[in-house]
Amino acid sequence: MIKAIAVDMDGTFLDSSSNYDRKRFDGIFQQLQEKEIKFIVASGNQYAQLKSYFAEKEDDIYFVAENGAIIYDAPKLETIDNFPNEFVQKALDYLQSFEPLELILCGLQSAYILKSTDNDFKKFAKHYYHQLEEVEHFDSLPDDTFVKFALNVEVNQTSHIVSQLNQAFQGEMQAVSSGHGSIDMIIPGVNKGNGLNILLDRWNISPHELLAFGDANNDLEMLALTEHSYAMETCSPEVQKTAKHRAPSNDESGVLQIIEAYLN
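Residues numbered from 1 in each chain as written. Predicted model: local features only at pLDDT ≥ 70, side-chain atom pairs only at ≥ 80, totals over all residues. Heavy atoms only, no water.

K.L.:
Looking at this structure, I do not really get the side chain of glutamine 46. What am I missing?
P.N.:
Position of glutamine 46 relative to the elements: it lies in the loop between β2 (38-42) and α3 (47-51). Judged by relative accessible area, which is 3%, glutamine 46 ranks as buried. From its side chain, glutamine 46 meets the backbone oxygen of glutamine 131 in a polar contact 2.9 Å long. Setting aside its immediate chain neighbours within four residues, glutamine 46 contacts Glu66, Ser110, Ala111, Tyr128, Tyr129, His130 and Gln131. (Helix = DSSP H or I, 4+ residues; strand = E, 2+ residues; numbered from the N terminus. Buried < 20%, exposed > 50% of the residue type's maximum accessible area, 1.4 Å probe, protein only. Polar contact = N/O pair within 3.5 Å; in protein donor to acceptor, adjacent residues only side chain to side chain. Contact = heavy atoms within 4.5 Å.)

The structure is reproduced here in structure tokens:
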């Protein structure tokens, strides 16, 4: 019996236009509430951006944001894992050797981007980070708690740069691809799977009572938790190997189709 559902957002729950069938979801969400099935948004994205997709429902949804570093039982902050400031500065010094630098430093209060960053990347960042500040430089850190670095690189360079970063910061940080040239630099051992386990343990729910959906490599630990795991029609090879089942395309409301099948 399914007691909790976890969904990645981009490439999974959301379609190619970053939207979803809201009327269809309204009916599904009502059924989930009636059956006391927990609905969890598990994403590499910022909490402020994630909750904006669920107006008037956010207080009944759980958010595993920033790849598991921040967990909200909205509007209450439940847990946060962060990098030491000394490491943040060390990593920023290293990353600034990348040219061009398309970097977002992700904190609890806001995300931060250089004022000198290309305007196209700024537009991209504003879509995913509703709380975003421009800073002159990263020579000194903003007054915040830092949970993730997000990079945008050439798609064909993603694997190489992930490997390079993991060699440079072995044991201090883990780099993972989140799809389409995006790389997340996260805290080792802190991921969507770890965040979900915290919630499932609190609720006394078995991982195999979890229904989970994903498409990119930052979903691997989440999908490995449960036999009810679904890789989207378009997904990475690693996700396809990890998930037990396939779901229709995100452009065909694949997640909603599968949830409806379980509910019925």
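K.L.:
What is the right way to read the pairing of strand β11 (residues 182-186) from this model?
P.N.:
Sheet faces and side chains relate simply in a regular strand, where the side chains alternate between the two faces. Among the five residues that make up β11, five are buried, leaving the element largely enclosed by the rest of the structure. Going residue by residue along β11, you find Ser182, Asp184 and Ile186 tucked away on one face and Ile183 and Met185 tucked away on the opposite face as well. As paired elements, strand β9 (residues 146-152) and β11 share four bridges and run antiparallel to each other. Each residue of the ladder has a partner; that of leucine 151, found in β11, is isoleucine 183. Linking strand β10 (residues 174-179) to β11, which pair antiparallel, is a turn of two residues; within it histidine 180 sits at a positive phi near 60°. (Pairing = 2+ DSSP bridges.)

K.L.:
Quick question: what am I supposed to make of helix α5 (residues 119-128) here?
P.N.:
Every α-helix carries 3.6 residues per turn, so stepping three or four residues along brings you back to the same face. If you check which residues of α5 are buried, you get Phe121, Lys122, Ala125 and Tyr128. Taken end-on, α5 shows its buried residues confined to a sector of 125°, consistent with a single buried face. Along α5, exposed side chains directed more than 90 degrees from the buried face belong to Asn119, Asp120, Lys123 and Lys126. As for α5, its buried residues are in contact with α1 (9-13), α3, β6 (103-107), β7 (111-114), β8 (132-135) and β9. Where α5 begins, the capping side chain belongs to aspartate 118, and its oxygen is found 2.9 Å from the backbone nitrogen of aspartate 120. (Arc of directions from axis to C-beta.)

K.L.:
In this structure, what is going on with the sheet that holds β11? I would like to understand it.
P.N.:
Backbone-to-backbone hydrogen bonds pair the strands of a sheet. The strands run either parallel or antiparallel. One open sheet accounts for six strands, arranged β8-β7-β6-β9-β11-β10; its pairing is mixed. Taken across any chain shown, the strands that pair with only one partner, and hence form the sheet edges, are β8 and β10. Neighbour to neighbour, the strand axes of the sheet diverge by 25° on average, direction disregarded. Strand direction decides the pairing type here: β10 and β11, joined by five bridges, are antiparallel. Residue pairing in the sheet places valine 176 in a bridge with aspartate 184 of β11. Helix-sheet contacts for helix α6 (residues 158-168) involve β9, β10 and β11, and the interaxial angle to β10 is about 160°. (Axes fitted to C-alpha atoms, helices over the stretch in contact; angles between N-to-C directions.)

K.L.:
Explain the packing of aromatic side chains here, please?
P.N.:
The description of two aromatic rings rests on the distance between their centres and on the angle between their planes. Scanning all chains against the criterion turns up 26 aromatic pairs. Both rings, one in phenylalanine 29 and one in phenylalanine 39, keep their centres 6.3 Å apart while their planes meet at 90°; by these two values the pair is edge-to-face. Residue phenylalanine 29 is found in helix α2 (residues 22-34), and its partner phenylalanine 39 is found in strand β2; the two are separated by ten residues along the sequence. Relative accessible area serves as the criterion here: at 5%, phenylalanine 29 is assigned to the buried category. We classify phenylalanine 39 as buried; its relative accessible area is 1%. Ring plane angle 80° and centroid distance 5.4 Å describe the contact between phenylalanine 87 and phenylalanine 169, whose orientation is recorded as edge-to-face. Here phenylalanine 169 lies in the loop between α6 and β10 and phenylalanine 87 lies in helix α4 (residues 85-95), a separation of 82 residues in the sequence. For phenylalanine 169, a relative accessible area of 2% translates into the label buried. Three or more aromatic residues joined by ring pairs make a cluster, and in this case those are Phe13, Tyr20, Phe25, Phe29, Phe39, Tyr47, Phe54, Phe63 and Tyr72. A cation over an aromatic ring shows up here: lysine 38 above the ring of tryptophan 203, its NZ or CZ 5.1 Å from the ring centre. (Phe/Tyr/Trp six-rings, centres within 6.5 Å; stacked < 30°, edge-to-face > 60°. Lys NZ or Arg CZ within 6 Å of the ring centre and 35° of its normal.)

K.L.:
Please clarify how the packing of α2 against helix α10 (residues 254-263) should be interpreted in this entry.
P.N.:
Between α2 and α10, whose axes approach to 11 Å, the crossing angle comes to 35°. For the crossing formed where α2 meets α10, the hand is left-handed. Packed against α2, whose contacting residues are Arg24, Phe25, Ile28, Gln31 and Leu32, the element α10 presents Leu256, Gln257, Ile259, Glu260 and Leu263 at the interface. Residue composition of the contact of α2 with α10, by class: six nonpolar, two polar and two charged. (Left-handed = near helix turned anticlockwise from the far one by under 90°. Nonpolar A, V, L, I, M, F, W, Y, C, P; charged D, E, K, R; others polar.)

K.L.:
Is there a simple way to explain the sheet that holds β2 in this structure?
P.N.:
Here we have eight strands laid out as an open sheet, ordered β5-β4-β3-β2-β1-β12-β13-β14, and mixed in their pairing. Bordering the open sheet on either side are β5 (76-80) and β14 (245-246), each of which pairs with just one other strand. Of the pairings in the sheet, the one linking strand β3 (residues 62-65) to strand β4 (residues 70-73) comprises four bridges and is antiparallel in character. When the sheet's bridge partners are listed, alanine 65 is paired in β4 with isoleucine 70.

K.L.:
Sorry if this is basic, but what is going on with the side chain of glutamine 89 here?
P.N.:
Structurally, the position occupied by glutamine 89 is in helix α4. Judged by relative accessible area, which is 19%, glutamine 89 ranks as buried. Setting aside anything within four residues of it in sequence, one finds glutamine 89 in contact with Phe138, Asp139, Ser140 and Leu141.

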